[in-house]
Amino acid sequence: MSATNTFPSIKSIFTDFKEITKAGLAISVVFSSLAGYMLGIYEFNLGSIYTLFMLAIGGYCMVGASNAYNQIIEKDLDALMDRTKNRPIPAGRMSVNTAFIIATILTIIGLGILYMINPKTAMFGAISIFLYTCVYTPLKTVTSLSVFVGAFPGAIPFMLGWVAATNDFGIEAGTLFLIQFFWQFPHFWAIGWFLFEDYKKGGFFMLPTGSKNKGTATQIILYTLWLTVASILPSFGYTGRLYLTTVSTIIVGLLGLWMLVYAVKLYKNQTDKSAKTLMLVSVAYISLIQVVYILDKFLR
């Protein structure tokens, strides 16, 4: 057998690393952290650029570690579902031991880098990994409340950036946490809707009513409304240094209305296509409001 057939190529190793760490998801999470950091800093300088870089690397390591641990725990269930059966572990391209080593190294590096920023940032990073792997992941096959539990580590990144910038958890960081917390529900319930049959193969409970029905769609609408309210809270002057001008408040409110329209469409149509569209809109929403927040701070 030739060496080419015996050893995986550099490209395949890189591809499997991206899959075991869920690179696309990890990058989007890191973007939230960087947005929170930009909102928290008093002024942008060379030191800020260095910390921003450290936060990006440390954040990716922490998210990547969480995803790797998750795939180790769910390896047998992943093999049952179409969307996950070709992941490195169930496909046999990576052993559990290798994945565990990768996850452990990423955890150590990630915590170390975040600790260098400040201890509070490292603490919240560690809490995120623990909740995601030790609480949320096991609950996914037990109860739909797993989405509620998973919303806590999922909401940490936006807030984490502020803590990295200020070494403080106050009303501002709490508000950023609240925004991303409420966002988790319409986003993941939309995913749970259009992937319902595939999730069912793995025994995952993702929808609040257990079915693709108007009850689930109603809850998606309600949480979209709460998300919109949370997103404009900084407009009222009660969230410390985190503040939105009138123009930005209108833009954020319109973005919330945009997302609400697609939540209502899901209620009316109850189709997988509507759910997938809502999921895509939700991703655009959280990214756009973070950009609006940042522009509002630096342009006002």
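In the block above lies the structure referred to throughout.
Quick look at the structure, then. Only a predicted model underlies this, so the values are computations on that prediction, with no experimental measurement involved.

Here we take up a nonpolar patch on the surface. Taken together, the side chains of Leu 222, Leu 225, Trp 226, Val 229, Leu 233, Phe 236 and Tyr 238 present a nonpolar region at the surface, about 750 Å² in accessible area. Mapped onto the fold, Leu 233 is located in the loop between helix 11 (214-232) and helix 12 (246-269).

Quick look at the packing of aromatic side chains now. The full count for this structure, using the stated rule, is 18 aromatic pairs. Note on Phe 148 and Phe 152: the rings are 5.3 Å apart at their centroids and 85° apart in plane angle, and the pair reads as edge-to-face. A residue pair is termed a helical-turn pair when its members lie 3 or 4 positions apart in one helix, as Phe 148 and Phe 152 do in helix 8 (residues 146-166) at four residues. What makes Phe 152 partly exposed here is its relative accessible area of 32%. A network of ring pairs unites the aromatic residues Phe 148, Phe 152, Phe 177, Phe 181, Phe 182, Phe 185, Trp 189, Tyr 223 and Trp 226 as a single cluster. One residue, Lys 140, lies across the ring of Phe 204, its end atom 4.8 Å from the ring centre.

For the rest of this paragraph, the subject is the side chain of Gln 180. Tracing the chain through its elements places Gln 180 in helix 9 (residues 171-194). Judged by its relative accessible area of 5%, Gln 180 is buried. Separated by 3.1 Å, the side chains of Gln 180 and Ser 32 make a polar contact. Residues within four places of Gln 180 in sequence aside, it is in contact with Ser 32, Gly 154, Ala 155, Pro 157, Phe 158, Ile 286 and Gln 290.

Okay, unusual backbone geometry next. In this structure, Lys 22 is a non-glycine residue whose phi angle is positive, near 50°. Within the secondary structure layout, Lys 22 lies in the loop between helix 2 (10-20) and helix 3 (23-40).

Below, the discussion takes up helix 7 (residues 119-139). An ideal rise of 1.5 Å per residue puts 30 Å on 21 residues; helix 7 measures up with 29 Å between its terminal C-alpha atoms. Buried within helix 7 we find Thr 121, Ala 122, Phe 124, Gly 125, Ser 128, Ile 129, Tyr 132, Thr 133, Tyr 136 and Thr 137. Close packing links the buried residues of helix 7 with helix 4 (46-73), helix 6 (96-117) and helix 8.

In the structure shown here, the tally under the stated rule is 10 salt bridges. With a shortest N-O distance of 3.0 Å, Lys 212 and Asp 272 are connected by a salt bridge. Of this pair, Lys 212 sits in the loop between helix 10 (196-202) and helix 11 while Asp 272 sits in helix 13 (residues 272-299); the two residues are 60 residues apart in sequence, bridging distant segments of the chain. Accessibility expressed as a relative area gives 26% for Lys 212, which makes it partly exposed. Here the salt bridges share partners, and the residues they tie into one network are Asp 82, Lys 85, Asp 198 and Lys 201.

What counts as what
Residues numbered from 1 in each chain as written. Predicted model: local features only at pLDDT ≥ 70, side-chain atom pairs only at ≥ 80, totals over all residues. Heavy atoms only, no water. Patch = residues over 30% accessible without salt bridge, like charges linked within 9 Å, V, L, I, M, F, W, Y side chains within 5 Å. Areas by Shrake-Rupley, 256 points an atom, 1.4 Å probe, with all protein chains shown as cover. Salt bridge = Lys/Arg side-chain N within 4 Å of Asp/Glu carboxyl O. Helix = DSSP H or I, 4+ residues; strand = E, 2+ residues; numbered from the N terminus. Phe/Tyr/Trp six-rings, centres within 6.5 Å; stacked < 30°, edge-to-face > 60°. Buried < 20%, exposed > 50% of the residue type's maximum accessible area, 1.4 Å probe, protein only. Lys NZ or Arg CZ within 6 Å of the ring centre and 35° of its normal. Polar contact = N/O pair within 3.5 Å; in protein donor to acceptor, adjacent residues only side chain to side chain. Contact = heavy atoms within 4.5 Å. Expected span 1.5 Å × (residues − 1).

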